[in-house]
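Now for the letters of each chain:
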Amino acid sequence: MFLEIPEGKDPILHVWGELVPGIGPAASALAMSVYEHSTLGLREFEAARLRIAQVNGCLFCQDWRTERDGQKVEDGFDEAVAEWRTTRAFDERTRLAAEYAERYALDHHGIDDGFWQRMRTHYTDREIVELSMCLGSWLAFGRLNRVLGLDAACVLPSHVG
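The following paragraphs examine the structure supplied in this document.

Conventions used here
Residues numbered from 1 in each chain as written. Predicted model: local features only at pLDDT ≥ 70, side-chain atom pairs only at ≥ 80, totals over all residues. Heavy atoms only, no water. Helix = DSSP H or I, 4+ residues; strand = E, 2+ residues; numbered from the N terminus. Buried < 20%, exposed > 50% of the residue type's maximum accessible area, 1.4 Å probe, protein only. Contact = heavy atoms within 4.5 Å. Core = buried A, V, L, I, M, F, W, Y, C linked by side-chain atoms within 4.5 Å. Expected span 1.5 Å × (residues − 1). Polar contact = N/O pair within 3.5 Å; in protein donor to acceptor, adjacent residues only side chain to side chain. Salt bridge = Lys/Arg side-chain N within 4 Å of Asp/Glu carboxyl O. Phe/Tyr/Trp six-rings, centres within 6.5 Å; stacked < 30°, edge-to-face > 60°. Lys NZ or Arg CZ within 6 Å of the ring centre and 35° of its normal.

Comments concerning the environment of Ala97
In step 1: Positionally, Ala97 belongs in helix α6 (residues 92-106).
In step 2: Classification of Ala97 as buried rests on a relative accessible area of 0%.
In step 3: Separated by 93 residues in sequence, Ala97 and Glu4 place their C-alpha atoms 37 Å apart.
In step 4: Once you skip the residues sitting within four places of it in the chain, Ala97 turns out to touch Glu44, Ala47, Ala48, Tyr123 and Leu131.

Shown next as structure tokens:
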């Protein structure tokens, strides 16, 4: 981690809640609202979220699995996301969510009319806007955690050791 965290303080709570009290709690509320209010299907949501996590390199985000109504995506879903172009595990909506996430993060200037035509075949305008807002949140905050080294402070058990 690149920041000085006072002894006994949780790094995430310190950075997101105490260091910048006028910004951190608002950013945290935005990040949480993406999970609390999303209407996207779990597979599309997780495909997009995990692709951003993979692009960002955030250890915690790659290890995290969103749970809805006691359900999570299957084991190996993260590998399918990394192989979104060729995996047989995805329907078209899920594949497009992963593709959009990658393009959003790495080549937003290259998103062309052909891509939008495919998106509009499978997603409503509302869903496109919602997914775009989710992507923006994950890209910004996952990258913030990775760049500042916070992702290593909140790593889940599969990345320890």
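Brief notes about the nonpolar core
In step 1: Counting 30 residues, the largest nonpolar core has Met119, Leu131, Leu135 and Trp138 as its most contacted members.
In step 2: Those elements that provide at least two residues to this core are α3 (42-56), α5 (77-82), α6, α7 (113-122) and α8 (125-147).
In step 3: Ignoring anything within four residues of it in the chain, the contact list for Trp138 reads Val34, Tyr35, Phe45, Ala48, Arg49, Ile52, Asn56 and Arg143.
In step 4: The next biggest cluster of nonpolar side chains, apart from the first, holds six residues, and it includes Val15, Ala27, Ala31 and Phe141.

What to know about α6
In step 1: In a regular helix each residue adds 1.5 Å, so 15 residues correspond to 21 Å; α6 covers 21 Å between its end C-alpha atoms and thus fits that length.
In step 2: Here α6 lies mainly inside the structure; 11 of its 15 residues are buried.
In step 3: For α6, the set of buried residues is Arg93, Thr94, Arg95, Leu96, Ala97, Ala98, Glu99, Tyr100, Ala101, Glu102 and Ala105.
In step 4: Residues of α6 that are buried sit in contact with α3, α5, α7 and α8.
In step 5: Where α6 begins, the capping side chain belongs to Asp91, and its oxygen is found 3.3 Å from the backbone nitrogen of Arg93.

Some thoughts on the environment of Arg146
In step 1: Here Arg146 lies in helix α8.
In step 2: With residues up to four places along the chain from it excluded, the contact list for Arg146 reads Asn56, Gly57, Cys58, Leu59 and Asp151.

A look at the pattern of salt bridges
In step 1: Per the counting criterion, the structure on display carries 14 salt bridges.
In step 2: Of the charged contacts, one joins Arg51 and Glu102 as a salt bridge, the two residues approaching to 2.8 Å between their closest N and O atoms. Of this pair, Arg51 sits in helix α3 while Glu102 sits in helix α6; the two residues are 51 residues apart in sequence, bridging distant segments of the chain. For the pair Arg51 and Glu102, a shared accessibility class is recorded, and that class is buried.

Considerations on the packing of aromatic side chains
In step 1: Enumeration according to the criterion identifies 10 aromatic pairs in this entry.
In step 2: For the pair Phe115 and Trp116, a centre-to-centre distance of 5.5 Å together with 65 degrees between the ring planes defines the contact as edge-to-face.
In step 3: For Phe115, a relative accessible area of 1% gives the class buried.
In step 4: Overall, Trp116 belongs to the partly exposed group, its relative accessible area being 29%.
In step 5: The structure contains a cluster of three or more aromatic residues connected by ring pairs, namely Tyr100, Tyr104, Phe115 and Trp116.
In step 6: One Lys or Arg, Arg68, reaches over the ring of Phe45 and ends 4.8 Å from the middle of that ring.

Quick word on α3
In step 1: Under the 1.5 Å per step criterion, the end-to-end length of α3 is 21 Å for 15 residues, consistent within 8% with the ideal 21 Å.
In step 2: Against the buried residues of α3 lie α2 (24-37), α4 (59-63), α5, α6 and α8.
In step 3: Gly57 occupies a position one or two residues after α3 and carries a positive phi of about 80 degrees.

All we've got here are geometric facts, nothing functional implied.
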